[in-house]
Each structure stands twice: as structure tokens, then as C-alpha cells.
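# Commentary on secondary and tertiary structure
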Amino acid sequence: YLELAQRFLLDRQYFDPLAEGDNVLPGKHAYSHVNAFSSASQAYLVLGSEKHLRAAQNGMKFVLEQSFATGGWGPNETFVAPGSGTLGKSLDFTHDSFETTCGSYGHAKIVRYLTRITGQSVWGDSLERVFYNTVMGAKPLEEGGFSFYYSDYNNDRAVDVALTRQDGAPELARNNRNGTFTTVTPWTGDPAPDARGVMALDYLQNGRMDLFFTRKNGPPVLLQNLGNNHFRPVPLPAMNSTIHSAWGATALDYDNSGLMDIAFIGKSRGAEHIYLYKNLGNGTFADVSAAVGLANINLHHGRTLLAADLFNDGADSLIATQAGGPALILRGIFPGQGAQKNHALLLASRGLKDNKTGIGNKIWLQAGPLRQKVEVEGGSGYLGQNPSAQLLGMGPYRKPDYVRILWPTGVDQYEFPGAVHVATIGELNRKGGSCPMLYVWNGRRFHFLDDIIGPGVIGEWTGRSQYDTPAPSEYFKIPASELAPRAGHYSFRFTDQMEEVVYLDKIRLIAIDHPAGTRVFTNGRYQPAGQPAPFHVWQVRHLRSPIAVTNGHGQNVFSYLQRRRYIPIKARAPYPGYAGTHELTINLGNLRHAKSALLLLHG
């Protein structure tokens, strides 16, 4: 098998020039040749061939240079020469930019190899747009689907999915928080039959995401989220009833008033153009399409509509695609209201343990009495996706009082960016939920002792229909060197900076008088399943350390344990911030003459 694999490496035609930096990809089929990079990576792993590793790295760099912004390798699944202009010109004659699930699979394979081999996470930077525009953008949720939008409509911290269908009424897939979804229609009757596009916005500034649907054969519909798992239709401007078909839609604050407005592509009385509904702040909208000049711009089979601050001038511009013409960019010049100029903050979020562009984030901005909520989307409206950076209007206020970001993993973060026009906020390096912390006065300062009552968590989900068994009592050993009286008392501090409820009904300080030459340990442990063991105190003599501790790669990591430092673990769990399955082998030495032995672990 090894000889057969080496025979078909095609070094002369392919890997030799790639290893030397010669791009031989143009004109070749994208998917099959990207998969060949994985073959080169295997050649490095099996044969130790540095040449094939260089070929895989250079080849992937060439791929990224000639890819669309969506991540697709195009056009028509064919590589082109970087810098030749061919990629951009191809959009004049084809829309096939290869955002397909097989492409994302091949992309993920080579990224996994290169990240594993080099240890450089930069190889994974391109995966985010590839996945969001392939698996999530190209694959329908079910047969007959038109488009979908995901949003946490009931604010239970679980992302739900709003789905429009080619034939039939729209539906909501409610997240059950256990890996399953339930299809629901939380409205009376059929308010949006034959819905085509869907987006979510908080137009009432009450923290609840409302739904806006465009329709194939009828006017758009806005459904207000009542907060009780129910939606109801609300009136739109009178002329809305004249619209007989609509496509893409987007939410934006076009005048930076701090209120979310609605723009969409619609057709009325034979004319097709972009409509703009201004939020009046009292639960109603006004049609300002003619006032801002949009009514004078005719479209030819318009499809997608996006909003973005393209010119970094604090104003959202509109981007519209047409099936019967080129894409249009309509520059927004609206924030200046005479002498009264409204202000805005362009906010980008950079994930650490969450995805890098913060897709799925909930963002609140408070400026005086204005409070605006947006969600960073991965796809919205109809065949579209707005940028992850959010332009947040602040009306006459020059700076926000605060910005709050709730990250998908539960990290709740408050920031104070000040009077700036553009800000990038990085995710804090902490988990969204954790155990309370215990600090003790050691004579000089409050010293961190441990996190507490972790085994007592109630309702922790460990698998489908499986929950942990809480152990409500917990014991901690406090070394004598870490406890000193303060003004005649021992002083402890508990902190709980997470969004959790802590029940604490009894605290005891137990003093143990033990013989000299012995050390005391408790049998406290974190045990996700089964009944907790009864409390026990161990008195130990002849305490000794292991001879060696090796990891699964044969490396001696004993020095980390001696210093009570975290051992570097390369394996990663599917959940950000957690280690994957790994092993440690502990050499305890010769125990043949020991009457009993007890393994003590600290963690």
C-alpha cells in the first residue's frame, strides 16, 4: 500500500513545483486538487517529507489568494490565476462560486492537517466563512425551504430557527436545549403565507426579537414578539398593502436615531425597487422610500439586500443584488439632520473561545434613554448575510453609556468604549458559567483557595435526557500557612461573578488535631454520576511523589505536577476552552513491601 501511495503522489507534475512556490493550480479542478493537499500532508506524516509539507502549505496559500470572499473556490469549481482579475470578472457570467458542502469538507480536512502539523491556528481563519456560506448557507434545513434566520426569540439562551418554505407557511424551530428542536407556529392563523425571506429585529427596544417576512405573493408582514412565546401582526405603512411580491430584507438604523428601521426589495404596480420604513419610536413606521431617493431607483429581478457601513463614515449603505443586472451599492448619506447630526458606533467583536467574528452574539448599546439590541447574524433576509460588524445609532449622544455583549458560550461582557466611531471588542478569557470562588486571608492579602460547590450544581446536562447527581456538601482543606487571623477573626470571601444562583445554608470551620508527622486529606471529588461518597478524612504518613509522569506522547511532564502547574494538553474537546480525551501514566515506583497505598490527587 505504501508503494502504491508513493507511485500516485505525482511529484513531478504537482508537488515539486508547489514546494518551490510555483503555482500550477490555475485551470485545475478545485475540489480534487485541494484534497490532494491532504495527501501531501499524509506524505509528510508517514514519510517525514518536508517537501510535501511545503507543497501543502504553499498550495493552500494559493487557494486562499484566489477564493471568493464567501470562501468558495471558483468560478465553476476551477482555479484561476491570483492577481489576474479573472476571479472578479467571473461574476459577470456565473454565480457558481462553489459554496458547497463537499468543498467545505475538503477545506476542513487540509486545515486540520496543517493546524495539527504546524501548530499554527492561522490555517483555520478561513474556515468560518467557508462553513457559514456552505453548510449553513447552501444546505436547506428541509426540502422545499426558501430561507432561514436563527435568533433566540424566547431569550432562553438557546438559538432558535425561523424557516420559510417554498410551499406552505413559515415555521419556528424551537431549541429544546438538549440537541433537539420542536417545530412551532407561535402565532394565530397564517399571518405570512408563502413567506420568502425572514429577518429578526428589536424594533420596540424591549429586548425581544421580532420577525419580518417578505412574501412571494403578497405584502411583507411584521410580527411583534409579545414575550410569551407568541407573536402578533402589527400595522405597516398604508402603501404596504400595494406590494404584491418581495425578496431580500435587512434591518438598519438608517438615520442613526437609535431605532431599528426596515429596508426590503419589493414590487408594486409593476415597478420594483427598495422600500425603506422608518421607525417612528411609537410602535409604528413611515414609508420614507421616496424621501431618501430609493423610489427612483428601479431594480431588475432584485434578490438580496444587505446593509453595511462600507465607507467608514458612520452611515449604513445598501447593497442589492439583481438576477437581471449588476449588483448595486447605494451610499447612505442620512445621519446628518441639518444642524442636528446623529452619532453612531461601528462595533466589531473578536471571539476568543467563541467564533472569531462573534456570529450569534447578542449586543446591547445604551446611550442616554436610547437602548438598542442587535444580534450578529450568519444569514438573514433572503440569500444574504450582513457583515458581522454592527453600526449602532446613538442619536444625539456622542458616546454610549455602555456596550453589553452576550457571547454564544455564555460570557456576559460589559465594555465602555468612550467617544469613538469604531471599536473592536475582544472576548474576555473566561467561561460563561463557573463555580463560585473562595478566598481566604493569609495575613497579607486575600488568597485564592479554590472554586467551590461545583459538585453541587443542580440540573447539569451530561447527555440526552441525562443529568448529573448533585452533591450538596463539600469540604476543603486549608493549609495552615494560608490561614491567619484578621482583627481576631478568620476571614473568608466568596465571589460569584457569573450569572448563576448560589444556595448556601451552612458553613463550618473544622479544626483537626492530628499526630505530628502525618498529613490530612479529605476525599472531596467532582463526580458527575452516581451517589456521592460520604465524607472521610485521611491521615497519611510517608507521603512521596511519583517517580515519573508521562503523557500519551511519551513526554515526561512530572515537573508540571511538582509545581502544580497545568500540563500542556493538545487534545481539544468539541466545546471551546475544554481539554479533549488524553492520558497520563503515573510511575509510582516499587510498592511490593507496602501494606497499603493511597493515591492522592489535587485538581
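Residues numbered from 1 in each chain as written. Predicted model: local features only at pLDDT ≥ 70, side-chain atom pairs only at ≥ 80, totals over all residues. Heavy atoms only, no water.

### Focus on the sheet that holds strand β12 (residues 285–287)
Within a beta sheet, neighbouring strands are joined by backbone hydrogen bonds and run either parallel or antiparallel to one another. Selection rule: One requirement defines pairing of two strands: DSSP has to find at least two bridges between them. Secondary structure is summarised from DSSP: a helix means a run of H or I of at least four residues, a strand means a run of E of at least two, and numbering begins at the N terminus for each. Axes, fitted as lines to C-alpha atoms, cover a helix only where it is in contact. Angles between the N-to-C directions of the axes lie from 0 to 180 degrees.
Strand order in the open sheet made by the 4 strands is β9-β10-β11-β12, with antiparallel pairing throughout. Here the strands that pair on one side only, and so sit at the sheet edges, are β9 (243–252) and β12. Between one strand and the next, the sheet's axes are offset by a mean angle of 25°, whatever the strand orientation. Summarising the sheet, strand β11 (residues 271–279) and β12 pair through 3 bridges and their orientation is antiparallel. Along β12, the bridge assignment pairs Lys 278 with Ala 286.

### Examining the pairing of strand β24 (residues 422–426)
Put simply, the test is: Exposure categories follow from relative accessible area, calculated using a 1.4 Å probe and restricted to protein chains: below 20% of the type maximum is buried, above 50% is exposed, and the middle band is partly exposed.
Every second residue of β24 is oriented toward a common face, the buried set being Ala 423 and Ile 425 and the non-buried set Val 422, Thr 424 and Gly 426. The sheet contact formed by strand β18 (residues 343–350) and β24 spans 5 bridges and is parallel. Paired with Leu 347 across the strands is Ala 423, a residue of β24.

### Structural notes on the nonpolar core
So the rule is basically this: We define a nonpolar core as any set of buried Ala, Val, Leu, Ile, Met, Phe, Trp, Tyr and Cys residues linked to one another through side-chain atoms lying within 4.5 Å. Here, two residues are considered to be in contact whenever any of their heavy atoms come within 4.5 Å of each other.
Grouped together as the largest cluster of nonpolar side chains are 34 residues, with contacts concentrated most on Leu 201, Phe 212, Leu 222, Ile 262 and Phe 264. Looking at this core element by element, the count peaks at 4 residues for β9. When near neighbours in sequence (up to four residues on either side) are disregarded, Ile 262 contacts Met 199, Leu 201, Phe 212, Leu 222, Thr 250, Leu 252, Tyr 275, Leu 276, Tyr 277 and Phe 285.

### What about the pattern of salt bridges?
In plain terms, the rule: For this analysis, a salt bridge means a side-chain nitrogen from Lys or Arg found within 4 Å of a carboxyl oxygen belonging to Asp or Glu.
Across all of its chains, the model carries 7 salt bridges by this definition. The residue Lys 51 makes a salt bridge to Asp 11 at a minimum N-O spacing of 3.2 Å. Of this pair, Lys 51 sits in helix α4 (residues 50–65) while Asp 11 sits in helix α2 (residues 11–19), placing them 40 residues apart in sequence. Classification of Asp 11 by relative accessible area gives partly exposed; the value is 21%. Note that Asp 194 and Arg 215 form a salt bridge whose closest N and O atoms lie 3.2 Å from each other. Residue Asp 194 is located in the loop between β4 (181–184) and β5 (195–201), and its partner Arg 215 is located in strand β6 (residues 210–215); the two are separated by 21 residues in the primary sequence.

### Comments concerning the sheet that holds strand β13 (residues 302–308)
The antiparallel open sheet is built from 3 strands, whose spatial order is β13-β14-β15. Of all strands in the sheet, those bounded by a partner on one side alone are β13 and β15 (325–330). On average, adjacent strands in this sheet sit at an angle of 15° to one another, irrespective of strand direction. With 5 bridges joining them, β13 and strand β14 (residues 317–322) adopt antiparallel strand pairing. Pairing of Ala 308 across the sheet is with Ser 317, part of β14.

### Structural notes on the side chain of Asn 175
Under the convention used in this document: Under this definition, polar contacts are N or O atom pairs within 3.5 Å; protein pairs additionally need one hydrogen-donor-capable and one acceptor-capable atom, and for neighbouring residues in sequence, both atoms have to be side-chain atoms.
Mapped onto the elements of the fold, Asn 175 is located in strand β3 (residues 171–175). A polar side-chain atom of Asn 175 sits 3.0 Å from the main-chain carbonyl oxygen of Val 159. Not counting the four nearest positions on each side in its chain, Asn 175 is found in contact with Asp 156, Ala 158, Val 159, Asp 160, Thr 180 and Phe 181.

### Description of the confidence of the model for the protein
Heads up, the rule is: A score from 0 to 100, pLDDT tells how confident the predictor is in each residue.
The predicted model of the protein has a mean per-residue pLDDT of 84, with 91% of residues at 70 or higher. Between the elements of the protein, mean pLDDT differs from a low of 46, seen in strand β16 (residues 336–337), to a high of 96, seen in β12. Counting interchain partners and residues more than four positions distant, the pLDDT-below-50 stretch residues 335–340 has 11 contacts.

### Remarks on the pairing of strand β25 (residues 437–441)
A large share of β25 lies buried, amounting to 4 of its 5 residues. Sheet topology places β25 next to strand β29 (residues 492–495); 4 bridges connect them, and they run antiparallel. The residue bridging Leu 438 from the neighbouring strand is Phe 494, located in β29. Judged from the 5 bridges that link them, β25 and strand β26 (residues 446–451) form a sheet pairing that is antiparallel. Directly across from Tyr 439, in β26, lies its bridge partner Phe 448.

### Some details on helix α3 (residues 30–47)
Put simply, the rule is: Each residue after the first adds 1.5 Å to the expected span of a helix.
With 18 residues, α3 should reach 26 Å at 1.5 Å per residue; the first-to-last C-alpha distance of 26 Å fits that figure. Of the residues one or two after α3, Gly 48 is the one with positive phi, at around 70°.

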